[in-house]
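Read off the chains here:
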Amino acid sequence: MLYMVGKNMRKNVTTSLLTNEELKGLRPRERGRYVQNLILNTLDEKKDYALSEIIEKTGLARPTITKHLDALVSTQQVFKESRQLGRMQIAFYKRTGSIKQKEEMKSKNNESTYSFFVLDNGDEKSICIQQKIEDEYNNPTVKGAVTINFVDLQSFITELHAYGARVVDK
Amino acid sequence: MISNKPLNVEEPKWDRCTRNGFLRVGNKRVPFHTLAPLITSYDYDFIPYFDNLKQHPSESTHARMMTFRMFELHNTLKPLLQSIYQTTLDGKLAYDFEKDVIETTPILIDPCMEYTWYSQYRKILSTNKDTPIEVRKLAKRILAIVTKVEKGELTKSEGYVKEKIEYEKFWLGLAKDKRKLSDVVTKILDLQNSMRADIGLPPVPAVYSPELLEVTKQINKIAQAVWVGENCATYVVLTPQWLKSEALVDLLIDYLKSVDSKFIVLKIKNLELDKVTYVYQRRMFKKILEAVNVVKQNDEEKVFMLLEAGYQMYPAITGGFDFVSTSLRALDKDGGGFSPDSEGYGGFFSPKHLVVLPWRDVKIMFANGGLKCSCEICRGITSIPSKDEWNVLRRMHYMLVVSRMLEDVNKFVLDQKIELAIEKLSLSELSNFKRMLPYIS
Ligand SMILES: [Zn+2]
């Protein structure tokens, strides 16, 4: 099934479906961007989607989708949640919610910037920390990220302290 | 990686053919009815721009958006971005204020691919390192034809035909060669992104035929695909002849109505609708404004911007476009320059007449008690400044008076009195523009 841009879709869908020929014209990196675009446009902040639904909506192959979904999950652009349905463990995906209260910290040697912000997903809030590095024009790119749920924050900090004390030279 | 900055319209409020509200792109927020000055040089544009924002922040609230040309980045944005985190000896940021402006002001970088068709900046385009090699080569091939005409090896009309063939061969061919197309689009969008552009502008050619409009559609489509997120514009650059044909205008309108992007940017080159005989063209421009209104009223999230608006700046912003860009000289037509009796002094934008008065008129103003303008800049000018000073001050004046003018439009909408904008046009030298506004007969 083709990915349809219609009235029932989210309003901010901006990606038109490329033809096979156009898709082949893209270099791997751009193809990746396009696929991630499509996935993000398919997903919603409010509703969970199973992998099969995403495949159906985008019309792309399963390995392509899983590869790029993983990348989106690791940069905190998409939330993944596994749920037990009967005997099956099924993963559901949704877009990360709105970003609130952003603060930045520069590392001492100035190579990395750590951005702290609150992700509000409606029913739960979490702190997200992104590590960014900058190019010659001081333009940041996200290298990695971690999300800590508000309820887990205390134990996370305790563990981080304990781990830091063990591994960092005093 | 091209970044995703969510794009949203906030607090829209309409009065007939125009609306108030804000555009949010990522962390930046800018009110509608804003001028995004075209910054073409560091000394004459960038420094005065920052000066105004610093010295007169409340007078420049509707000019907090910037447009750059891609082939001028090395003279404008690049040096600033490279030095933005430099610290002074006591450890403070040397460009603290500029950094803050860059982080709060939406930035657009225009690829200006139309200069493969127009001669004005073709030479610069042909050697500019930021321009993809394919485009540079095209510019060089066309320049070689121009040289042949100059040497008399080709007649003017032979040269024109050859230029046109070369130009069309490249752009029509590019739309067919998907790999090359994606390379050119990606290179240009990547550059815009690395220069902190908040809205992507695809590298579209100057369009004078339905075929070239199809090329534009193709380029926009690929750009949307490779730019991650909502903040890549659909961009159309038209030649002024486009407004001479209703069939062509209808084609454009069909396209504007069909695109998915939230941000739609239009540029009509060398637009001079103030010419008295351009009755038909004014009607066509009105038709475009009406279409812009229809699109926005059907989908509140759509945002329109007119680049190189020139004198059309005021009717465009009161008639449907949310943002406009002009140079700080107020004029956007290629070429021009100083008239012989200007003594190197550029003209003065009259906030009352809405046109640029030549230097000889400004001199008369000085002789009769000073500049007829109450802006922060003009109030400080009591005698004729030096040429260099004047050419900076008149830009700062333009920015402040236009910002104020657009802020007023915001107030008109708030009070549901947009007819005051029509009155302003009636009292200006551009009174024939008032009928261009939608819903006015
Ligand atoms: Zn003034």
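This one's a predicted model, so the numbers in the text were calculated from it and none came from an experiment.

About the cut-offs
- Residues numbered from 1 in each chain as written.
- Chains lettered and ligands numbered in written order.
- Predicted model: local features only at pLDDT ≥ 70, side-chain atom pairs only at ≥ 80, totals over all residues.
- Heavy atoms only, no water.
- Donors = N, O, S within 2.8 Å, 3.2 Å for Na, K, Ca; no water.
- Tetrahedral: all angles 85-135°; square planar, octahedral: opposite > 155°, others 65-115°.
- Helix = DSSP H or I, 4+ residues; strand = E, 2+ residues; numbered from the N terminus.
- Core = buried A, V, L, I, M, F, W, Y, C linked by side-chain atoms within 4.5 Å.
- Buried < 20%, exposed > 50% of the residue type's maximum accessible area, 1.4 Å probe, protein only.
- Contact = heavy atoms within 4.5 Å.
- Pairing = 2+ DSSP bridges.
- Axes fitted to C-alpha atoms, helices over the stretch in contact; angles between N-to-C directions.
- Arc of directions from axis to C-beta.
- Patch = residues over 30% accessible without salt bridge, like charges linked within 9 Å, V, L, I, M, F, W, Y side chains within 5 Å.
- Areas by Shrake-Rupley, 256 points an atom, 1.4 Å probe, with all protein chains shown as cover.
- Salt bridge = Lys/Arg side-chain N within 4 Å of Asp/Glu carboxyl O.
- Domains from an automatic or database assignment.
- Buried area = accessible area lost by both parts, 1.4 Å probe.
- Expected span 1.5 Å × (residues − 1).
- Phe/Tyr/Trp six-rings, centres within 6.5 Å; stacked < 30°, edge-to-face > 60°.
- Lys NZ or Arg CZ within 6 Å of the ring centre and 35° of its normal.

Chemist: Describe the coordination of the zinc ion, with residues and values.
Modeler: A four-donor tetrahedral metal ideally has 109.5 degree angles, and a six-donor octahedral metal ideally has angles of 90 or 180 degrees. All names here are of chain B. All of the protein donors around the zinc ion are C373 (SG), C375 (SG), C378 (SG) and H397 (ND1); their distances to the metal are 2.1 to 2.3 Å. Around the zinc ion, the four donor atoms are arranged such that angles at the metal cover 99 to 117°; this shape is classified as tetrahedral. Each donor residue of the zinc ion lies on one chain, and together they are spaced C-x1-C-x2-C-x18-H. With C378 in helix α13 (residues 376-379) and H397 in helix α14 (residues 387-414), this pair connects stretches of sequence that are 19 residues apart.

Chemist: Before we move on, could you go through the nonpolar core and cite the residues and values that matter?
Modeler: Residues and elements named next belong to chain B. If you look at the biggest cluster of nonpolar residues, it comprises 169 residues, and the most contacted ones within it are L77, W171, F263 and F349. Of the residues forming this core, the biggest block, twelve residues, is contributed by α14. Other than its neighbours up to four places away in sequence, F349 contacts M313, A330, L354, V355, V356, H397, Y398, V401, V402 and M405.

Chemist: Please give an account of the sheet that holds strand β4 (residues 34-35) of chain B that cites residues and values.
Modeler: Residues and elements named next belong to chain B. The strand order across the open sheet formed by six strands is β4-β12-β11-β10-β9-β8, and the pairing between neighbours is parallel. Each of the sheet's edge strands pairs with one partner strand only, and the pair in question is β4 and β8 (206-207). Note that β8 and strand β9 (residues 234-238) share two bridges and pair parallel. Residue pairing across strands places A206 opposite V237, the latter belonging to β9. Of the strands in this sheet, β8 and β9 touch helix α8 (residues 210-226), which is tilted by about 155° from β9. Running at roughly 155° to strand β11 (residues 303-307), helix α10 (residues 279-298) makes contact with β10 (263-268) and β11 of the sheet.

Chemist: Break down helix α15 (residues 419-427) of chain B for me, citing the residues and quoting the values.
Modeler: Residue and element names in this part refer to chain B. For α15, the set of buried residues is A421, I422 and L425. Down the axis of α15, the buried set is contained in an arc of 100°. They therefore lie on one face. Looking at the packing, one finds that the buried side of α15 touches α11 (313-319) and α14.

Chemist: Let's hear about a nonpolar patch on the surface: which residues, and what values?
Modeler: Residue and element names in this part refer to chain A. A cluster of nonpolar side chains, namely V146, F156, I157 and L160, defines an oily patch on the protein surface of about 310 Å² accessible area. It is helix α5 (residues 153-167) that contributes the most residues to the nonpolar patch, three residues altogether. Among the secondary structure elements, F156 is positioned in helix α5.

Chemist: Any details on the domain arrangement of chain A? Residues and values, ideally.
Modeler: Residue and element names in this part refer to chain A. One can read the domain layout of chain A as domain 1 (20-95) and domain 2 (98-167). In this complex, domain 1 contributes seven residues to the contact, which on the side of domain 2 involves nine residues. Both sides of the domain 1 and domain 2 interface together cover about 610 Å² of buried area, and 46% of this is carbon and sulfur. Of all residues in domain 1, T75, Q76 and F79 bury the most surface against domain 2, accounting for 69% of the area lost on that side. At the junction of domain 1 and domain 2, the tally comes to zero salt bridges.

Chemist: Give me α8(B): which residues, what numbers.
Modeler: With 17 residues, α8(B) ought to run about 24 Å at 1.5 Å a step, and its terminal C-alpha atoms sit 25 Å apart, in line with that. Of all the positions in α8(B), only L212(B), L213(B), V215(B), T216(B), Q218(B), I219(B), N220(B), I222(B), A223(B), Q224(B), A225(B) and V226(B) are classed as buried.

Chemist: Explain the sheet that holds strand β3 (residues 88-95) of chain A to me, using residue names and the numbers behind them.
Modeler: Residues and elements named next belong to chain A. Ordered by their spatial adjacency, three strands build an open sheet running β1-β3-β2, and the pairing between neighbours is antiparallel. The sheet is open, and its two borders are formed by β1 (49-50) and β2 (78-85), each paired with just one other strand. Bridge analysis of β1 against β3 gives two bridges, and the strand direction is antiparallel. Looking across to β3, one finds that Y49 is bridged to Y93. Contacting β2 and β3, helix α4 (residues 62-74) runs over the sheet at an angle of about 110° to β2.

Chemist: Report on the packing of aromatic side chains, specifying residues and quantitative values.
Modeler: Under the criterion given, the structure shown has 21 aromatic pairs over all chains. Here F46(B) and F68(B) contribute two aromatic rings whose centre-to-centre distance is 5.5 Å and whose plane-to-plane angle is 70°, an arrangement assigned as edge-to-face. On the criterion of sequence distance, the pair formed by F46(B) in helix α1 (residues 42-55) and F68(B) in strand β6 (residues 66-69) is long-range, its members being 22 residues apart. Just as F46(B) is buried, F68(B) falls in that class too. With a centroid separation of 5.0 Å and an interplanar angle of 90°, the aromatic rings of F170(B) and W171(B) are classed as edge-to-face. Looking at F170(B), the relative accessible area reads 5%, which means it is buried. The exposure class of W171(B) is buried, given its relative accessible area of 0%. Ring pairs connect the aromatic residues Y42(B), F46(B), Y49(B), F50(B) and F68(B), which therefore count as one cluster. A cation over a ring is seen here: K47(A) above Y49(A), with NZ or CZ 4.1 Å from the ring centre.

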